[in-house]
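So the chains spell out like this:
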Amino acid sequence: MQIALTLVGPEADQVQAALGRLPQALAAAKARVKEPRPLGPGAVDLAVEADDLAAVRAAALAAVEGLAVDLCAQPWNGRRKKLLVADMDSTIINVECLDELADFAGKKAEVSAITERAMRGELEFEGALRERVAMLKGLPVADLQLAYDQRVRLNPGARTFVRTMAANGARCWLVSGGFTFFTSRVAAAAGFHADRANTLGEAAGALDGTVGEPILGREAKLAALKEQAAASGLDLTETLAIGDGANDLAMIGAAGLGVAYRAKPIVAEQADAKVDHADLTALLYFQGYAAADFVTD
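Residues numbered from 1 in each chain as written. Predicted model: local features only at pLDDT ≥ 70, side-chain atom pairs only at ≥ 80, totals over all residues. Heavy atoms only, no water.

(A) Region of the structure containing the overall build of the chain. Helix and strand counts for the chain come out as 12 helices and 13 strands. Since a compact globule built from 297 residues should have a radius of gyration of about 19 Å, the 20 Å found for the chain is in line with a globular shape. Across the 297 residues that make up the chain, the buried fraction comes to 54%. Looking at the chain alone, contacts between residues at least 24 apart form 66% of all its contacts between residues at least 6 apart. With an accessible surface of roughly 12100 Å², the chain has 51% of that area assigned to carbon and sulfur atoms. (Helix = DSSP H or I, 4+ residues; strand = E, 2+ residues; numbered from the N terminus. Rg over C-alpha atoms; globule rule 2.2 N^0.38 Å. Buried < 20%, exposed > 50% of the residue type's maximum accessible area, 1.4 Å probe, protein only. Contact = heavy atoms within 4.5 Å. Areas by Shrake-Rupley, 256 points an atom, 1.4 Å probe, with all protein chains shown as cover.)

(B) Representation of the packing of helix 1 (residues 12–28) against helix 2 (residues 53–64) in the model. At their nearest, the axes of helix 1 and helix 2 sit 9 Å apart, and the two run at 140 degrees to each other. Our classification of the angle between helix 1 and helix 2 gives oblique. Read as a crossing pair, helix 1 and helix 2 show a hand that is right-handed. Residues Ala18, Arg21, Leu22, Ala25 and Leu26 of helix 1 lie in contact with helix 2, whose contacting residues are Val56, Ala59, Ala60, Ala63 and Val64. In terms of residue class, the contact of helix 1 with helix 2 is built from 9 nonpolar, no polar and 1 charged. (Axes fitted to C-alpha atoms, helices over the stretch in contact; angles between N-to-C directions. Parallel < 35°, antiparallel > 145°, perpendicular 65-115°, else oblique. Left-handed = near helix turned anticlockwise from the far one by under 90°. Nonpolar A, V, L, I, M, F, W, Y, C, P; charged D, E, K, R; others polar.)

(C) Local environment of unusual backbone geometry. The peptide bond linking Glu213 to Pro214 adopts the cis configuration, its omega dihedral lying at -5 degrees. Its place among the elements puts Pro214 in the loop between strand 10 (206–211) and helix 9 (218–231). The phi dihedral of Ser90 falls on the positive side, at around 65 degrees, and the residue is not glycine. Taking the relative accessible area as the measure of exposure, Ser90 reaches 22% and is therefore partly exposed.

(D) Highlighting the environment of Leu26. Position of Leu26 among the secondary structure elements: in helix 1. Accessibility expressed as a relative area gives 0% for Leu26, which makes it buried. Not counting the four nearest positions on each side in its chain, Leu26 is found in contact with Leu5, Ala31, Val33, Val48, Val56 and Ala59.

(E) Structural view of the pairing of strand 1 (residues 2–8). Most of strand 1 sits out of view: 6 of its 7 residues are buried. Pairing of strand 1 with strand 4 (residues 43–49), which is carried by 7 bridges, proceeds in the antiparallel orientation. Paired with Ile3 across the strands is Val48, a residue of strand 4. Relative to strand 5 (residues 70–75), strand 1 runs antiparallel, the two sharing 6 bridges. Note on strand 5: the bridge partner recorded for Val8 is Asp70. (Pairing = 2+ DSSP bridges.)

(F) Region of interest: the sheet that holds strand 12 (residues 257–261). Within the open sheet, the 6 strands sit side by side as 8-7-6-11-12-13. Their pairing is parallel. Single-partner strands in this sheet number two, and they are strand 8 (194–198) and strand 13 (273–275). Shown here is a sheet whose adjacent strand axes are inclined to one another by a mean of 20 degrees, direction ignored. Of the strand pairs in this sheet, strand 12 and strand 13 are connected by 3 bridges, and their pairing is parallel. Bridge pairing links Tyr261 to Val275 in strand 13. The strands that helix 8 (residues 180–190) touches are strand 7 (171–179) and strand 8; relative to strand 7, the one it contacts most, it runs at about 150 degrees.

(G) Up close: the packing of aromatic side chains. Scanning the entire structure with this criterion turns up 2 aromatic pairs. Ring geometry for Tyr285 against Phe294: centres 5.1 Å apart, planes inclined by 50 degrees, an arrangement best described as tilted. Above the plane of the ring of Tyr289 lies Arg80, whose end atom (NZ or CZ) is 3.7 Å from the centre. (Phe/Tyr/Trp six-rings, centres within 6.5 Å; stacked < 30°, edge-to-face > 60°. Lys NZ or Arg CZ within 6 Å of the ring centre and 35° of its normal.)

(H) The nonpolar core, seen in detail. The biggest cluster of nonpolar side chains holds 64 residues, and the ones touching the most others in it are Leu84, Ile92, Phe161, Phe182, Phe192, Ile242 and Leu283. Here Phe192 is in contact with Leu84, Ala86, Ile92, Val162, Cys172, Trp173, Leu174 and Ala187, once residues within four sequence places are set aside. In terms of nonpolar packing, the next biggest core, distinct from the first, is built from 25 residues, Ile3, Ala29, Val44 and Val56 among them. (Core = buried A, V, L, I, M, F, W, Y, C linked by side-chain atoms within 4.5 Å.)

Written out as structure tokens, the structure is:
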């Protein structure tokens, strides 16, 4: 089979160092490598002939260990995906919105500790969400806009990533265990076609400590991926999912390409690829886009 092996890193010399290590490693995996094709600064594509994708991925990962390089090994055919489903908090944006709201309520330490455990898969997501939202009871609704304006930023490469996929015909969905107040704004800023998330209860201009039911969590994210693929007439192999926490695992596992971004260990271990060093444009390089194809402002 023909395999696409893509290397991406913030420092071109690190990527070149990785290229120097790969021939011997891939030869041991009984793989034949064609001439590297530059995709952009710090991004290189290799066409690899091999029978065992898992062996190629393992050999390449071992070869680049210790270098600031992200890699993706996948079948060459079908690598350009037609549906993107992305997590929001700590993936498309820089923060966990609930933790930032808790900071406005003077309870960030307590809430952040629960968030961390939930994202690591140590707590059931739905119960952890209800517990954290209850701690926000009485927070003025106006503070949500303050939190968005003062704290929320798109992660590097997010807007280029989403807009480039959209410009090339992919449907792009932001699906979050967070809240619609934030997903609606982030989706518009990054260029998503639609968003889906939880809702916060409010009364008399303040949060009432409740979250709308049913809660959008791990299984709901998977359902959204499947639903949107079916609505577009796509096989799941034609989809891409990206996230960082345990509640993203199901959709990452089901997607044609599941990517862990700056992820918790439980997610990084199970994803098809992980991005620990490069920005979100790595997801475009993984699909074979060149820098010249990117849609930028």
